[in-house]
Amino acid sequence: MTIPNTSVEFFDKQFQHQVSAGELVLNPFEQAALPYLRGRVLDFGCGMGNLAVAAAERGCSVLALDASPAAIRHLQSRAEAASLDIHAIEADLRHYPIVGEFDSIVSIGLLMFFDCPTAVRRLADLRARVCAGGTLIVNVLIDGTTYLDMFAADEYCLFARSEMEQQFADWHIVHSEFSEFAAPDDKIKSFTTLIVQKPLAA
């Protein structure tokens, strides 16, 4: 069962608007992630599911999770209509148990919407579920972000700029990027995106 919170409600309304507007284009973070997705994929916080659809169209088997009812209904409909190998589930991602291993895991724009202990715990869960030689792609807002309108007051976590790289110092860092985008009222969204490969088993 999904436990409502402010950020879920914020994005559910946004996704409803995007469905109505037919906004099905990959954002820049999704475009960067797509070439690294293969085999069994977990899209943890799939949103509208544009990346899940693109991955499935390339032959991936995708488990797509999100807390937004509107987003999941939309993705289920798209997957069924196109006979794509996507299992889309509405879930409270603060607690949803991740089972099995995945060749690729992607989490774009999600972890910062948890309190910090939950965000760190869920990141460790994702790390543990990548198979040997597999790839994890993580994108989060970080310290320096001044646009906070979409956050519940006590339900978010801005990571330090170097924190993601530190979390994966023992993995192969394929790509690490810092980016900033203008936001309303002359504010800033600061992101870090990390693409890392888990070492092969000895």
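Caption draft 1: How the structure looks around the side chain of R122. On the secondary structure map, R122 appears in helix 5 (residues 116-128). Note on R122: relative accessible area 3%, which makes it buried. Among the polar contacts listed, one links the side chain of R122 to the backbone oxygen of L93, at a separation of 3.0 Å. If we ignore the near neighbours within four places in the chain, the residues touching R122 are F44, L93, R94, H95, Y96, I98, L111 and F114.

Caption draft 2: Summary view of unusual backbone geometry. Within the chain, S83 stands out as a residue other than glycine whose phi angle is a positive 55°. Its location among the elements puts S83 in the loop between helix 4 (69-82) and strand 3 (86-90). Since its relative accessible area comes to 66%, S83 is described here as exposed. Despite not being glycine, D185 has its phi angle at roughly 60°, a positive value. In this fold, D185 is placed in the loop between strand 6 (172-183) and strand 7 (187-197). Its relative accessible area of 64% is what places D185 among the exposed residues.

Caption draft 3: Representation of helix 4. Here helix 4 spans 20 Å end to end across 14 residues, near enough to the 20 Å set by a 1.5 Å rise per residue. For helix 4, the set of buried residues is A70, A71, I72, H74, L75 and A79. Positive backbone phi, approximately 55°, marks S83, located one or two places after helix 4.

Caption draft 4: The arrangement of the state of the cysteines in detail. According to the stated counting rule, one finds 1 disulfide in the structure shown. For C116, the disulfide goes to C157, at an S-S distance of 2.1 Å. Here the disulfide of C116 and C157 is right-handed, its torsion about the S-S bond being about 100°. With C116 in helix 5 and C157 in the loop between strand 5 (130-141) and helix 6 (163-167), this pair connects stretches of sequence that are 41 residues apart. Under the relative-accessibility criterion, C157 is labelled buried at 4%.

Caption draft 5: The arrangement of the pattern of salt bridges in detail. In total, this model carries 4 salt bridges according to the counting rule given. Note that R38 and D103 form a salt bridge whose closest N and O atoms lie 3.6 Å from each other. Residue R38 is found in the loop between helix 2 (28-33) and strand 1 (40-44), and its partner D103 is found in strand 4 (residues 102-108); the two are separated by 65 residues along the sequence. By relative accessible area, R38 is classed as partly exposed at 40%. We note a salt bridge from R94 to D92, for which the minimum N-O separation is 3.0 Å. The two residues R94 and D92 agree in class, both being buried.

What counts, and at which threshold
Residues numbered from 1 in each chain as written. Predicted model: local features only at pLDDT ≥ 70, side-chain atom pairs only at ≥ 80, totals over all residues. Heavy atoms only, no water. Helix = DSSP H or I, 4+ residues; strand = E, 2+ residues; numbered from the N terminus. Buried < 20%, exposed > 50% of the residue type's maximum accessible area, 1.4 Å probe, protein only. Polar contact = N/O pair within 3.5 Å; in protein donor to acceptor, adjacent residues only side chain to side chain. Contact = heavy atoms within 4.5 Å. Expected span 1.5 Å × (residues − 1). Disulfide = S-S within 2.5 Å. Salt bridge = Lys/Arg side-chain N within 4 Å of Asp/Glu carboxyl O.

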